[in-house]
Amino acid sequence: MPDIIQLLPDSIANQIAAGEVVQRPASAVKELMENAIDADATHIKLILKEAGKTLIQVMDDGKGMSETDARMSLERHATSKIRKAEDLFSLRTMGFRGEALASLSAVSQLEMKTRLPDEELGTLLVVEASEVKRQEPVVCDKGTSISVKNLFYNIPARRNFLKSNANEYQHIVDEFQRLALSHPEISFQLIETDSIEYDLPPGKLSQRIVSIFGKSYQEQLAPCHEETALVRITGYLGKPHFAKKKRGEQFLFVNKRFIRSNYLNHAVMSAFEGLLIESSFPFYVLFIEIDPKHIDVNVHPTKTEIKFDDERAVYAVVLSAVRQAIGAHNLTPAIDFDADVNIISKLTNASAQSKEVYFEERFSNALHRSNLDNWEKIFEGDENKQIMRPAEALPNVQTLRFESALNQSLETPEEKACFQLHNRYVVKQVKSGMLIVDQQAAHERILFEKFLNQIKKKSAQSQQCLFPQPITLNAADFAMVMEMEQEIEALGFRIEVFGKNTLVVNGVPGNIPTGREKELFEGLIEQFKINQAELSVPLSENLARSLAKRASIKSGQVLVGEELRALVDSLFVCTTPNYSPEGKPTFFIFEMNKIESYFR
Ligand code: ADP
Ligand code: MG
């Protein structure tokens, strides 16, 4: 039998390789734009016709190519970005495989104009299906312009596989946005069939975010910053109540490369835990910078996954960075702490500036002044930044008393007074102005933290019901209740089976008015099921949320004297006082200067 194995001609080898690198117009956009970025361009223009199906042109003002390099750039495995295997582990460029231009020129009609800054003339190359049709000197701008025309014109199967223009365009926009976000110092334009869709001036990341997503984002961003020996994290987070129903606007970059990572996304989402409206997704743009030797980007040409050698460590830093940004950066308005800082400075005569200092002073004072053992130290991030926080979630009665005592001794009579506005809000004077608390949202937050804490610590008090009533459930609900009996009891309920699908509630959580236990219990189960369908939170959190929602003070309910004060005091000892469990703001401070401005 004769030998039958042959080497494939380059054109076919390139076409096969192209299948990997170029799947759709958006992949061509990504490759061409990354090349422009790697060429140190300061301005990059993307021109499309028919969502890139007939034309994708990327123009840059980068370093350009010599005549020889222009020709070489089209060869497979031709790259200026790495020279030896070790270079893979110190990668600072977007590209390195040397496959993109070879692949693109195999599956399109490609035209390149490129000129080195110091040369007078540039080079024009026209290539079709890997075959160079023309090469000649040309007068052109410095930098490089590459047009990919009629992508997949020579592979009908692939061309037919392309989706609608709207769909392909959306993929392009995704790539465009990612690159524009990770390079705010470069100006970008996107022009689709003669209409300017994006025109992004160079600037800071926050400005870039606003020019891509719109003005409304301006108010919603909180900076995030954390640095350890291993990684540096920077970027912006959107406020919890600004979270969207769709996951789309979450961007994670590692060394400026967009990546997808369920694991790290989980770190971000964990930091937001308890703050978000049901099944909503907060906006974030986070950059992780790490020594390239700790990562492996060489997984697949088009995959957006990368490997870290110590993913857990990165997870921990991301979690702590985002937590800190949410807490410290007053996604929580800064105002609430101003008021308290004044209290502290009365105590210590120190000018406490930041929340950290505030906590430190406040709670070390608390420790000095009494032997409360329910304050615990929480170490956030590295150990040098010890922050004192109230014991997890809501403090117990003792703490509340201490709080009130502390406040009462320091507050003036005006500051002590609270009143109810339209049976919905509690209004109170604070140092920086006027505090307005939404009674329902605030109470949901207070109860939520309290219940969650009780479930975790199994510390709930229960009060005996005077007239226990039987409750009959359907079989499925009954089985569900039995399954989480322990957690329900940990909340403070005392339940007992009383025949088929029937139970009796003998006790309810200590802090809930008795007399409506049947309604409350049924409401709890109902709410639990709703949450289960819409949220993916742990069982204990769902229970705590559900009961908080059902048992909370409602809008429209009349509150008097001590109730008003207690509500406000309890809110501000919550771990996260600013939002209800569903992400609604709980309070607002009308600042003095704002009030004054109305009378000028
Ligand atoms: P890679 O980016 O992986 O090196 P490409 O096929 O994308 O591979 O590009 C091959 C080479 O062509 C690059 O290494 C670079 O030297 C050169 N090149 C490509 N695009 C440009 C550009 N816009 N400006 C300057 N040089 C470029
Ligand atoms: Mg490239």
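Scroll up for the structure.
Before going into details, it helps to say that this report is about the structure given with it.

Cut-offs used in this document
Residues numbered from 1 in each chain as written. Chains lettered and ligands numbered in written order. Predicted model: local features only at pLDDT ≥ 70, side-chain atom pairs only at ≥ 80, totals over all residues. Heavy atoms only, no water. Helix = DSSP H or I, 4+ residues; strand = E, 2+ residues; numbered from the N terminus. Expected span 1.5 Å × (residues − 1). Salt bridge = Lys/Arg side-chain N within 4 Å of Asp/Glu carboxyl O. Buried < 20%, exposed > 50% of the residue type's maximum accessible area, 1.4 Å probe, protein only. Core = buried A, V, L, I, M, F, W, Y, C linked by side-chain atoms within 4.5 Å. Contact = heavy atoms within 4.5 Å. Near = heavy atom within 4 Å. Polar contact = N/O pair within 3.5 Å; in protein donor to acceptor, adjacent residues only side chain to side chain. Areas by Shrake-Rupley, 256 points an atom, 1.4 Å probe, with all protein chains shown as cover. Nonpolar A, V, L, I, M, F, W, Y, C, P; charged D, E, K, R; others polar. Pairing = 2+ DSSP bridges. Axes fitted to C-alpha atoms, helices over the stretch in contact; angles between N-to-C directions.

Turning our eyes to something else, we now look at helix H2 (residues 25–38). With 14 residues, H2 should cover 20 Å at 1.5 Å per step; its first-to-last C-alpha distance of 20 Å lies within 8% of that length. With its phi angle positive at about 65°, Asp40 sits one or two positions after the end of H2.

Let us now look at the pattern of salt bridges. Under the criterion given, the structure shown has 18 salt bridges. For Arg134, the salt bridge goes to Glu136, with nearest N and O atoms at 3.0 Å. For Glu136, a relative accessible area of 31% translates into the label partly exposed. For Lys529, the salt bridge identified is with Glu526, shortest N-O distance 4.0 Å. Linking Lys529 with Glu526, this pair stays in helix H17 (residues 517–534), spanning three residues, or about one helical turn. The partly exposed category is assigned to Lys529, whose relative accessible area is 27%. Classification of Glu526 as partly exposed rests on a relative accessible area of 39%.

All right, on to the nonpolar core then. As a rule of thumb, soluble globular proteins bury nonpolar side chains together. Counting 61 residues, the largest nonpolar core has Leu46 and Ile209 as its most contacted members. Setting aside residues no more than four positions away along its own chain, Leu46 makes contact with Val29, Met33, Ile56, Gln57, Val58, Ile172, Phe176, Gln189, Leu190 and Ile191. Counting 37 residues, the second largest nonpolar core, distinct from the first, contains Val231, Val254, Ile306 and Val314.

Taken together, 18 residues lie around ligand 1, and Asn35, Thr79, Ser80, Lys81 and Gly98 are the ones closest in. Residue Thr79 places a side-chain N or O atom 2.5 Å away from an oxygen atom belonging to ligand 1. One of the side-chain nitrogen or oxygen atoms of Thr144 is found 3.3 Å away from a nitrogen atom of ligand 1. With the chains in place, 92% of the 530 Å² that ligand 1 exposes on its own is no longer accessible. Grouping the amino acids of the shell around ligand 1 by side-chain chemistry returns six nonpolar, eight polar and four charged.

Further remarks concern the sheet that holds strand E25 (residues 587–591). Hydrogen bonds along the backbone pair up the strands of a sheet, which may run parallel or antiparallel. Strand order in the open sheet made by the four strands is E18-E19-E20-E25, with antiparallel pairing throughout. Edge strands, defined here as strands with exactly one partner in the open sheet, are strand E18 (418–421) and E25. Put simply, the sheet's adjacent strands are angled 25° from each other on average, direction ignored. Direction of pairing for strand E20 (residues 433–438) relative to E25: antiparallel, over a ladder of five bridges. Bridge pairing in E25 places Gly433 opposite Glu591. Strands E18, strand E19 (425–430) and E20 of the sheet are contacted by helix H14 (residues 439–457), whose axis makes an angle of about 70° with E20.

What follows deals with the pairing of strand E13 (residues 284–290). Counting buried positions along E13 yields six of seven residues, so the element is predominantly enclosed. Relative to E13, strand E10 (residues 231–238) runs antiparallel, the two sharing seven bridges. Counterpart to Leu237 in the pairing with E13 is Tyr284. Two strands pair when backbone bridges link them, and strand E11 (residues 250–254) and E13 are joined in this way by five bridges, in the parallel orientation. Bridged to Gln250 within E13 is Tyr284.

Honestly, it's all geometry; don't read function into it.
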